[in-house]
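Per-entry structural report
If you want the building blocks of each chain, they are given just below.
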Amino acid sequence: MKKEVKFETRAIHYGYDPKQFHGALNPPIYMTSTFAFESVQQGSQAFEGENSHYIYSRLGTPTQALLEQRMANLEGAEAALATASGMGAITSTFWSLIAPGDEVIVDATLYGCTFSFLEHGLKKFGVNVVYCDLTNPENLLSVLSEKTKIVYAESPANPNMRIIDIRALAIICRNYETKLMIDNTYCTPYLQRPIELGADIVVHSATKYLGGHGDLIAGLVVSDAATIEQIRYFGLKDMTGSVISAMDIALILRGLKTLHVRMDRHCSNAIIVAKYLDSHHMVKVVHYPGLKKSPQFELAARQMSQPGGMIAFELKGGKKEGEKFVNQLKLILCAVSLGDTETLIQHPASMTHSTYTEEELKEHLIEPGLLRLSVGLEDVEDIVADLDQALEKLSNKLVMIKNCAAQ
Ligand code: 7XF
């Protein structure tokens, strides 16, 4: 496909020619665990990498190869690897590239299970995990050492929306021969392409916007061809076995076809919701990089094409009021995960980030009362109306309590 073809077109067509598959608009699903060889010699050669015959679905299938090539293309990278989950992508990568005695530097705020993998997993195997507030790139310089193999961050970070200057970190990492690994789940390559900004590895929970419909769990790693080969043939094949299912590959390919349309709507809905929340007297703070008053507005505008569909906010009454508020919602569902067509809300401290102790939540900049909203694709007026009626109920209750106290 010609280079000048746009992202949206590549997300639909890249790497697939229906003519080669009886005109089928969608690629065939290879529902097979193994691939027969014509001879022992052909099989041995496949194991030696001397031919490109498929071997066994733990190593890949033709439809998986299509998904991987398409994702690599969309991220502006050489290669990609699909996995059974976002955690499968992250752990397969770390297990491939890290050895005891190595050091990894990670941002202060991480998704709960990524934090748990590092804190309770990698540390147990003699890897030094250093937490660092990477929103200021200079902080990285003060902790980098010759032992640092990977610098890892989410941007925006789950759940508090902190944003990392990927280009600035990439320049520092290059001087230290350290790999910069970015979790691009919140953005997808439609909004942000970390490899083009200088990162070495990108990971995704494809469970989220890439799949887009809350009906699968999957992950992706994107990087240069040699790194992906190492992760596929060691990290995934031998260490995690985190193999994506044939059906999920097809669903992600389907999700990618509408990614740009969905992301545009997620973003246009989210800015309206963020402005509404920001203007409400019961809301203490809204973290959304599309709000002009956000301290990271300019950085977000530089490295993301739009500010995304995720919002974090806190009510004035903190955790208690937050819980009451969520319980009053009617349309918006109380659920973890994100990037689905439905608007979802959850309480990170007790749900997605419950792997952190109370002290750790504080150290890692996650407010106990923070709520996380994944703005869906419903009519935005309906989303705002639901938030409004729930806030209204809390506000009426507050007035009633105040009146009672006054009498
Ligand atoms: O293994 P998964 O596909 O669930 O992906 C793990 C993962 C990796 N990176 C980021 C930034 C994520 O947000 C996730 C999964 N997060 C969900 C959430 O925060 O709601 C998981 C539900 S507990």
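Before reading on, note that the structure itself is shown above.
Definitions and limits used
- Residues numbered from 1 in each chain as written.
- Predicted model: local features only at pLDDT ≥ 70, side-chain atom pairs only at ≥ 80, totals over all residues.
- Heavy atoms only, no water.
- Helix = DSSP H or I, 4+ residues; strand = E, 2+ residues; numbered from the N terminus.
- Rg over C-alpha atoms; globule rule 2.2 N^0.38 Å.
- Buried < 20%, exposed > 50% of the residue type's maximum accessible area, 1.4 Å probe, protein only.
- Contact = heavy atoms within 4.5 Å.
- Areas by Shrake-Rupley, 256 points an atom, 1.4 Å probe, with all protein chains shown as cover.
- Lys, Arg positive; Asp, Glu negative; His and termini not counted.
- Charge placed at Lys NZ, Arg CZ, Asp CG, Glu CD.
- Pairing = 2+ DSSP bridges.
- Axes fitted to C-alpha atoms, helices over the stretch in contact; angles between N-to-C directions.
- Near = heavy atom within 4 Å.
- Polar contact = N/O pair within 3.5 Å; in protein donor to acceptor, adjacent residues only side chain to side chain.
- Core = buried A, V, L, I, M, F, W, Y, C linked by side-chain atoms within 4.5 Å.

1. Notes on the overall build of the chain
Helices and strands together make up the secondary structure of the chain, namely 15 helices and 12 strands. Its C-alpha radius of gyration of 22 Å places the chain within 12% of the 22 Å reference for a compact globule of 407 residues. Counting over 407 residues, the chain shows a buried share of 55%. Counting only contacts in the chain whose residues sit at least 6 apart along the sequence, the fraction spanning at least 24 positions is 73%. With an accessible surface of roughly 18300 Å², the chain has 54% of that area assigned to carbon and sulfur atoms. The positive charge centre, built from 38 side chains, and the negative charge centre, built from 47, are 4 Å apart in the chain.

2. Some remarks on the sheet that holds strand β7 (residues 219–223)
Strands sit in the order β1-β7-β6-β5-β4-β2-β3 across an open sheet of seven strands; the sheet is mixed. Edge positions in the sheet fall to β1 (79–83) and β3 (128–132), since each has one partner strand and no second. Ignoring which end each strand starts from, the neighbouring axes of this sheet average 20° apart. Inspection of the sheet shows strand β4 (residues 148–154) paired to strand β5 (residues 179–183) by five bridges, in the parallel sense. Among the inter-strand pairings, Tyr152 is bridged to a residue of β5, identified as Met181. Against the sheet, helix α7 (residues 166–175) touches β4 and β5, its axis set at about 155° to β5. Strands β1, β5, β6 (201–205) and β7 of the sheet are contacted by helix α9 (residues 225–240), whose axis makes an angle of about 25° with β1.

3. Re the sheet that holds strand β12 (residues 371–374)
The strands that make up a sheet pair up through hydrogen bonds in the backbone, lying either parallel or antiparallel. In space, the five strands of this open sheet follow the order β8-β9-β12-β11-β10, with mixed pairing throughout. Only two strands of the sheet have a single neighbouring strand rather than two, namely β8 (283–287) and β10 (333–334). With four bridges connecting them, β8 and strand β9 (residues 310–315) associate as antiparallel partners. The partner of Val285 across the bridge, within β9, is Glu314. Packed on one face of the sheet, helix α11 (residues 259–279) meets β8, β9 and β12 and runs near 10° to β9.

4. Focus on the site of the ligand
Of all residues adjacent to the ligand, which total 16 residues, the nearest are Asp183, Thr207, Lys208, Ser337 and Arg372. Note that an oxygen atom of the ligand is positioned 2.9 Å from one of the backbone N or O atoms of Gly86. About the coverage of the ligand: the protein hides 88% of its 540 Å² of free accessible area. It is helix α4 (residues 86–97) that contributes the most residues to the shell around the ligand, three residues altogether.

5. A short note on the side chain of His260
Mapped onto the fold, His260 is located in helix α11. Each residue touching His260, except ones within four places of it in the same chain, is listed here: Glu8, Ile12 and Tyr190.

6. Description of the nonpolar core
If you look at the biggest cluster of nonpolar residues, it comprises 42 residues, and the most contacted ones within it are Leu67, Met71, Leu210, Ile244, Ile252, Leu256 and Leu259. Beyond its immediate chain neighbours, meaning those up to four positions away, Leu259 contacts Phe7, Thr188, Tyr190, Tyr209 and Leu210. Within the second largest apolar cluster, 29 residues are counted, among which are Ala89, Val104, Phe117 and Leu118.

7. Things to note about unusual backbone geometry
Note that the residue after Ser155, namely Pro156, is joined by a cis bond; omega there is -10°. Tracing the sequence through the fold places Pro156 in the loop between β4 and α7. Following Asn158, the chain continues to Pro159 via a peptide bond in cis, the omega torsion being 15°. Backbone geometry at His22 places phi at a positive 55°, although glycine is not the residue there. Tracing the chain through its elements places His22 in the loop between α1 (7–13) and α2 (40–48). For His22, a relative accessible area of 86% puts it in the exposed group. We note that Met161 has phi near 70°; this positive angle belongs to a residue other than glycine. Residue position: Met161 is located in the loop between β4 and α7.

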